[in-house]
Amino acid sequence: MEQLLNIPAILAIAFAGSILVFVTHLVLPRLRTAVVLLLTLVPAYLVWQLPVDSPMVYFSLGGFDLSWGTNPYSRLFSLLIAGIGVLSTIYSLAFMKNKARLGFFYLAFLATIAAMYGIVFSQDLLSLFFFWEIMTWSSFLLVIYYRFENQQAGIRYFVFSAVGAYALLTAIVYLYSFTGDLSLAATFRVIPQLSTTQLSWITVLFLLGFGVKSALMPMHVWAPDAYRSAPSPFTALFSGVLSKMGVFGMGLVLFKFMGGLEPGHIIREVLAWMGGITALLGTFYAVFQTDAKKLLAYSSIAQLGYIIVGLAIGTPMSVMAAIFLALMHGIFKSMLFMGVGSVFHQTGSLDLNELTGLIRRMPLSFVTVLMGIITVAGVPPLGGFVGKWLLYESLITSNHYFLVIVLFTSSTAAFLYLYRLIFSIFLGQEEREFDHIKEVSWVMWVPMLILAGMTLVTGILPGIFFGPIAEAMQYLGFPQIDWQMSVLFNPWGNQVDMLSVITSIATVFLLGLAFITWKNFRTTRYVTTKDIHTSGEMPTENENLTYAIDFYRPFERAAAPIFKYKVTRMYASFAENAEHLFDLLRHVYTGNAQTYALYVVIFLVILIVFSGWIFGIQI
Amino acid sequence: MNLNFSPVHFIAVPLFAAFLLPLLGRISQKLVTLVPGIVLLYLSAVALTLFPQAYNEPIVEIIAGWRPPFGITLVFGPLAAFLVTMITLIGFVVWIYSYRFIIRAPLEKYYMLFMLLIAGSTGIILTGDIFNLFVFLEITAIAAYSLTAFLRDHNGAEAAFKYLLIGSFASAFVLLAIIILYANVGTLNMADIAVRMGDVPAKIKLTIMILFIVGLGIEAELFPLNGWAPDAYSQAPSPIGAVFAGIVVKAAVYALMRVLFTLFDLPTSSHFLVVMGTITLLIAEMSAMRQQQIKRMLAFSSIGQMGLVLVAFGLGTREGIAAALFLMFSHAIIKTLLFFSAGYLVFFSGFKNISDLEGVGREKPWTGFFFSLGALAIIGLPPFSGFWGKFYLLISAANASHIFLIVLILFSAVIEAVYYLRVVGRLYFKKLHDIEIRRTPFTGLLAMGILAIVTITIGVYPDFIYELVLPAADELLDKAAYLQYAMMGQ
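Read on for a plain summary of the structure. Each chain carries its own residue numbering, running from 1 in the written order of its sequence. Chains carry letters and ligands carry numbers; both start at the beginning, A for chains and 1 for ligands, and go up in the order they are written. The predicted origin of the model limits local features to residues at a pLDDT of at least 70 and limits the giving and counting of side-chain atom pairs to 80 or more, whereas totals for whole chains, interfaces and linings rest on all residues.

**Quick word on the overall build of chain A**
Link 1 in the chain: Put simply, DSSP marks the helices as runs of H or I at least four residues long and the strands as runs of E at least two long, and each gets a number from the N terminus on. On a plain count of helices and strands, chain A comes out with 23 helices and four strands.
Link 2 in the chain: Within chain A, the fraction of its 619 residues that count as buried is 50%. Here exposure depends only on C-beta density: within 10 Å of a residue's C-beta, 20 or more other C-beta atoms make it buried, 12 or fewer make it exposed, and intermediate numbers make it partly exposed, the C-beta atoms being placed from the backbone.

**A few points about the nonpolar core**
For soluble globular proteins, the rule of thumb is that nonpolar side chains tend to be buried together.
Link 1 in the chain: In this usage, the nonpolar core is the set of buried Ala, Val, Leu, Ile, Met, Phe, Trp, Tyr and Cys residues whose C-beta atoms join them within 7 Å. The biggest cluster of nonpolar side chains holds 412 residues, and the ones touching the most others in it are M116, Y117 and F324 of chain A together with M115, A312, L325 and F326 of chain B.
Link 2 in the chain: Of all the elements, helix 13 (residues 318-349) of chain B adds the most residues to this core, at 21 residues.
Link 3 in the chain: How far each domain reaches was decided by an automatic or database domain assignment. Counting contributing residues per domain, this core is built from domain 1 (262-551) and domain 2 (566-615) of chain A, each supplying no fewer than three.
Link 4 in the chain: Throughout, a residue-residue contact means that the two C-beta atoms, derived from backbone geometry, are no farther apart than 7 Å. Not counting chain neighbours up to four residues away, the residues in contact with F324 of chain A comprise V386, G387, L390, F465 and I469 of chain A.

**What about the environment of L66 of chain A?**
All names here are of chain A.
Link 1 in the chain: Structurally, L66 is set in strand 2 (residues 64-68).
Link 2 in the chain: Between the C-alpha atoms of L66 and A377, which are 311 residues apart in sequence, the distance is 43 Å.
Link 3 in the chain: Leaving out residues up to four positions away in the same chain, L66 has contacts with F59, S60, L61, D124, L126 and S127.

**Some points on unusual backbone geometry**
Residue and element names in this part refer to chain A.
Link 1 in the chain: Between M217 and P218 the backbone carries a cis peptide bond, its omega angle lying at 5°.
Link 2 in the chain: Its location among the elements puts P218 in the loop between helix 8 (196-213) and helix 9 (223-229).
Link 3 in the chain: Positive phi is not limited to glycine here, since A215 has a value of about 55°.
Link 4 in the chain: Exposure remark for A215: the 29 C-beta atoms within 10 Å place this residue in the buried category.
Link 5 in the chain: In this structure, N399 is a non-glycine residue whose phi angle is positive, near 65°.
Link 6 in the chain: Checked against the element boundaries, N399 lands in the loop between helix 15 (383-397) and helix 16 (401-426).
Link 7 in the chain: On the basis of neighbour counts, which here come to 10 C-beta atoms within 10 Å, the residue N399 falls in the exposed class.

**A closer look at the interface of chain A and chain B**
Link 1 in the chain: Facing 44 residues of chain A, the contacting portion of chain B comprises 52 residues.
Link 2 in the chain: Going through the elements one at a time, helix 5 (125-143), helix 6 (151-179), helix 21 (567-586), helix 22 (593-609) and helix 23 (611-615) of chain A are the ones with two or more residues in the side of chain A that touches chain B.
Link 3 in the chain: Here the side of chain A that touches chain B gets 13 residues from one element, more than from any other, and that element is helix 6 of chain A.
Link 4 in the chain: For the side of chain A that touches chain B, the per-class residue count stands at 32 nonpolar, seven polar and five charged. Only Asp, Glu, Lys and Arg are considered charged, only Ala, Val, Leu, Ile, Met, Phe, Trp, Tyr, Cys and Pro nonpolar, and every remaining residue, Gly among them, polar.

**Notes on the packing of helix 22 of chain A against helix 6 (residues 154-185) of chain B**
Between two packed helices, the angle of one axis relative to the other and the distance separating the axes together describe the packing.
Link 1 in the chain: Axis definition: a line fitted to C-alpha atoms, over the contacting stretch in the case of helices. Angles run 0 to 180 degrees between N-to-C directions. Where helix 22 of chain A contacts helix 6 of chain B, the axes come no closer than 9 Å and their chain directions differ by 20°. In this view, helix 22 of chain A runs roughly parallel relative to helix 6 of chain B, as classed from their interaxial angle. Relative to helix 6 of chain B, helix 22 of chain A is oriented so that their crossing is right-handed. Note on element contacts: helix 6 of chain B touches helix 22 of chain A through F161, K162, L165, I166 and F169 of chain B, opposite A593, Y596, A597 and V600 of chain A.
Link 2 in the chain: The residue makeup of the contact of helix 22 of chain A with helix 6 of chain B, split by class, is eight nonpolar, no polar and one charged. Any angle that is under 35 degrees is reported as roughly parallel, and any over 145 degrees as roughly antiparallel; angles of 65 to 115 degrees are reported as roughly perpendicular and all others as oblique. For any pair of crossing helices, the crossing counts as left-handed if the nearer helix is rotated counterclockwise from the farther one by less than a right angle, and right-handed if it is rotated clockwise.

**Concerning helix 3 (residues 72-95) of chain A**
Link 1 in the chain: Helix span is expected to be 1.5 Å times the residue number reduced by one. Taking 1.5 Å of rise per residue, 24 residues should cover 34 Å, and helix 3 of chain A covers 34 Å from first to last C-alpha, within 8% of that figure.
Link 2 in the chain: For helix 3 of chain A, the buried fraction is high: 21 of the 24 residues fall into the buried class.

**Looking at the environment of L408 of chain B**
Residue and element names in this part refer to chain B.
Link 1 in the chain: Here L408 lies in helix 17 (residues 403-428).
Link 2 in the chain: L408 gets classed as partly exposed once you count the C-beta atoms within 10 Å, which come to 17.
Link 3 in the chain: Along the chain, L408 and L345 lie 63 residues apart, while their C-alpha atoms are 32 Å from each other.
Link 4 in the chain: Residues in contact with L408, not counting those within four places in the same chain, are T278 and L282.

Structure, rendered in structure tokens:
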């Protein structure tokens, strides 16, 4: 066991695991479940056991010195990967049961997890990029898993990822031309010597690269369809963890690389505003969605906007808020995608206009989604509140009042879609067609409820995250930060004791429950949805009492003009025009031998005539 | 160490086999298929045996007892060893693939021409004599013309005609350059020419160089001289498409580089290569985007990759040339894999068009898998060898502070990703229309499997190749050392 506690061993197990699962599926499909479980749990356990100060591993590959190591910052993210990775894998065991091509699915799934471990443990830019690209193509394979309708989504995802990755690559090789060494340590040393212009270019390229993965507007175009198309267990991982790799990278760039960019620097401000706009527009788009997963996808984009705002502002409190929100988002968005995925698994539908009244059929999924949306909304007592509180406070103390308004608007508007999500699926009129629906198997609801429990725990005791975050921030170069297990402060001396908040809420809730139970105990009568004869009217069987259809019609109508201009369309027309141009250029190759011969002669003549200019010698 | 092995075998054995094959055809068709395999296996063995020796000290073989500068020499240094080994190994894999590939016309013609192609390509790389280089160039070209028209249909004949027409320009220009060169220096030994080059007037030197650039540029697929390539690649039988991309072009690029680096002072012309390489790359990738036929698309992609190689050579630094050699190796492996799998995809669907490949990947999972793997590899994703080639190139471009070049290269990589993934998508996403189900022969899968394993192995551990390309790059740059051992002989 001791020998296995090092990074190469973990990565080797994780990557070999993905191939082993593929082989197992081919050879012994009956053992697949066991092997998948084992090969997710073992690396996750090893990552958990890995000490924060485990020794760095140095080696040389292809003429470059590479190194892997851990630090508090990477440990934080590695635990997120391990946790959500294990839970979504367990969830997938039941979700993907009896689906086709499971070997392929788990190959890509485990490779994605392994690549993410690789990213956080990389201590040099080459390994970082190497694993980054493996993550890209393995997740691409999962986006196109359902094949038929998803090609467009898949290719869009890949092209955006490629553009992002190549921005990263440009920044990396550009940096390398100054440092001659790819390790992060050397990079940190050299960066102060660069000129401001060079530094800005590098920062922008890095942020572009990481921004694509975290779906920062206007690079978010791939995200809704990609999240929608991937199988739900993977969407949980995709939105929950994979998008955090962008956040991880941004954190590194903004604080470790660009220590020179003091708070208030123009790049920071622009990034913060991009984050703010992402949060606002993402929320508005989410309100219009009639597809549960797309709604969550836009919500995910919006939430990442908050995180990026926090990172960009760059004060200790805002960064703490951002990382806290990043962890929270990992938890609650995976949980929501799992919850919605369960509904899809049982009903075969994600259409909010079609689903209705599942609360009694799928109570555990309901609880999951309920806890999820409370967390998203940032309402006490769950964890989301803590993050948003910190974020607002940090914005106010750093004088970003206008951004506060933007974020607050977005946060309020979020209620619209959150309510729509839970109402459309679980509340409302019960329909005959869903009568046979049952709750999902325990393999699926256990991971969901574990995550739901996490949101409660972090709501009451946010300190269990503050500790590791504070350490991680010290690694990023912030001073020691004071924090307490369950008390939030603000600069005006007010403090919020989460325990007392919880106690009061729980007390009110319990008292209310007791009161209602006591008062109505004798007169309680269970009714079905259509049993409303006391209202003076007997609805017929086919009468629609559900108001989930066209939920926000007036709002949509009001906002329609604004959303007419879609950035998606802009990209599409750009791509189309580029392709037309390429098509024109293609006709250079006429297919006519005489033309080609002419080219040869013309080329020769040009070389001879312009030889002075081309080769520096005159004929 | 077996002392009987000598670089002469690389040329003599396949040449001899080529002339023997028609006779063997009279005895047994089985022999005709087996003998080329044995020859290539033998050559691979020779190459691998001589390999360490060449890296220690270049082997210089004198033909017919005339010492240089009068006789013809074969120079087997690190660069030649690297390329020749690559060619023989790829040739052997091509043979494995061809073994069961359906070939309608007489087998002995196919294998005879194939052997000539191998002999010619290795000859180009090994020879130390400029006129000899021309001869081998012609052998290769003539074999290539014939193979382009091998299927004897209208399109094949047309493609071969185009190739022949443009190829004769190449021969004429190269020959003209050699004549002018000979008139001025009075020798044909390349090392000797390089020594006496200083006496040649600058203008004449330049004329010779331009003639070489155009002549050899045609074979090396330099834009705008590469019009013949897409047709030839797509009309030749699939294994031959792979040979063109993996072997013939590589030899031609080597010839161009040997001439430019050893006979002329490259630095004056280096920017020229970078610019022309970039243009070749961009035009080719853009043209590939809207191709209807899969093999034409692969041909354009191949031209694009050669553009990258030219850029890397053009940088003229040690790491740039190392990157170019790495790219050549990686491209040879991956493009061969792609041609192999595309060959069977076309064969199974019965059509050459990309739109007719819908769903073939679901029916033929392994062939589809190999094509997809090749596509990911050539785009330059880790952990495949294509990634390292591009990475080395970008690093050397950054070190030469060509930032704009990096952007252009990466832009072309995005285009590449789009058109390759579109094909991969078609293989799997669309519904299958009725096609006859035929089995991929085991030998075909074996050949593809070998290449796939190689590209992944090199992708995970590039040092295998990287340590070999560095000395080879040194050889190309270190003109003085080359002159010394090529002139002295041993």
